[in-house]
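Structure assessment
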Amino acid sequence: MRFTSSKRLGAHFGLTPRNYQSGTIDVICSITKAGDAMVRSALYEAPHSMLTRAKSFSSLKRWVMAVAKRRGLGRATVALARKLAIVLHRMWMNGTDFRFGKEEAPAA
């Protein structure tokens, strides 16, 4: 396995904040843009369309709307892209399907 934890995907694809530190200065900049640009672009495009175009609501959209209210739409989009990468990796590892809402998983 390449990733021991799903949480490492955000850093691998450059969806983490870039820091500039020098002496007493500590500035948090935009994302690092490390890794594959096409994957990062696809991971960013999906939440952007989910936030701006999709009319249906889900638990992910509810969560990201709360983040957007606190931190702004740009940061919320990156946060949802990172979360979608984690969800997609877990789905791939477990072989499960995406559950849109809070409905129960079917018994095996």
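Residues numbered from 1 in each chain as written. Predicted model: local features only at pLDDT ≥ 70, side-chain atom pairs only at ≥ 80, totals over all residues. Heavy atoms only, no water.

**Considering a nonpolar patch on the surface**
Together, Tyr 20, Ile 25 and Val 27 make up an exposed nonpolar region whose accessible area comes to about 270 Å². Mapped onto the fold, Val 27 is located in strand β2 (residues 25-31). For Val 27, a relative accessible area of 36% translates into the label partly exposed. (Patch = residues over 30% accessible without salt bridge, like charges linked within 9 Å, V, L, I, M, F, W, Y side chains within 5 Å. Areas by Shrake-Rupley, 256 points an atom, 1.4 Å probe, with all protein chains shown as cover. Salt bridge = Lys/Arg side-chain N within 4 Å of Asp/Glu carboxyl O. Helix = DSSP H or I, 4+ residues; strand = E, 2+ residues; numbered from the N terminus. Buried < 20%, exposed > 50% of the residue type's maximum accessible area, 1.4 Å probe, protein only.)

**Quick notes on helix α4 (residues 73-94)**
The first and last C-alpha atoms of α4 sit 31 Å apart over 22 residues, in line with the 32 Å expected at 1.5 Å per residue. For α4, the full list of buried residues reads Ala 76, Thr 77, Val 78, Ala 79, Leu 80, Ala 81, Leu 84, Ala 85, His 89 and Met 91. The inward-facing, buried residues of α4 abut α1 (9-12), β2, α2 (37-52) and α3 (59-71). Positive phi appears at Gly 95, one or two residues downstream of α4, with a value of about 70°. (Expected span 1.5 Å × (residues − 1). Contact = heavy atoms within 4.5 Å.)

**Observations regarding α3**
Under the 1.5 Å per step criterion, the end-to-end length of α3 is 18 Å for 13 residues, consistent within 8% with the ideal 18 Å. Every buried residue belonging to α3 is among Leu 60, Lys 61, Val 64, Val 67 and Ala 68, and all of these are buried. Burial along α3 is one-sided: seen end-on, the buried residues are contained in an arc of 120°. Of the exposed residues in α3, those oriented more than 90 degrees away from the buried face are Arg 62, Lys 69 and Arg 70. Those residues of α3 hidden inside the fold are in contact with α2 and α4. Positive backbone phi, approximately 110°, marks Gly 72, located one or two places after α3. (Arc of directions from axis to C-beta.)

**Re the pairing of strand β1 (residues 17-22)**
With five bridges connecting them, β1 and β2 associate as antiparallel partners. Residue pairing across strands places Pro 17 opposite Ile 31, the latter belonging to β2. (Pairing = 2+ DSSP bridges.)

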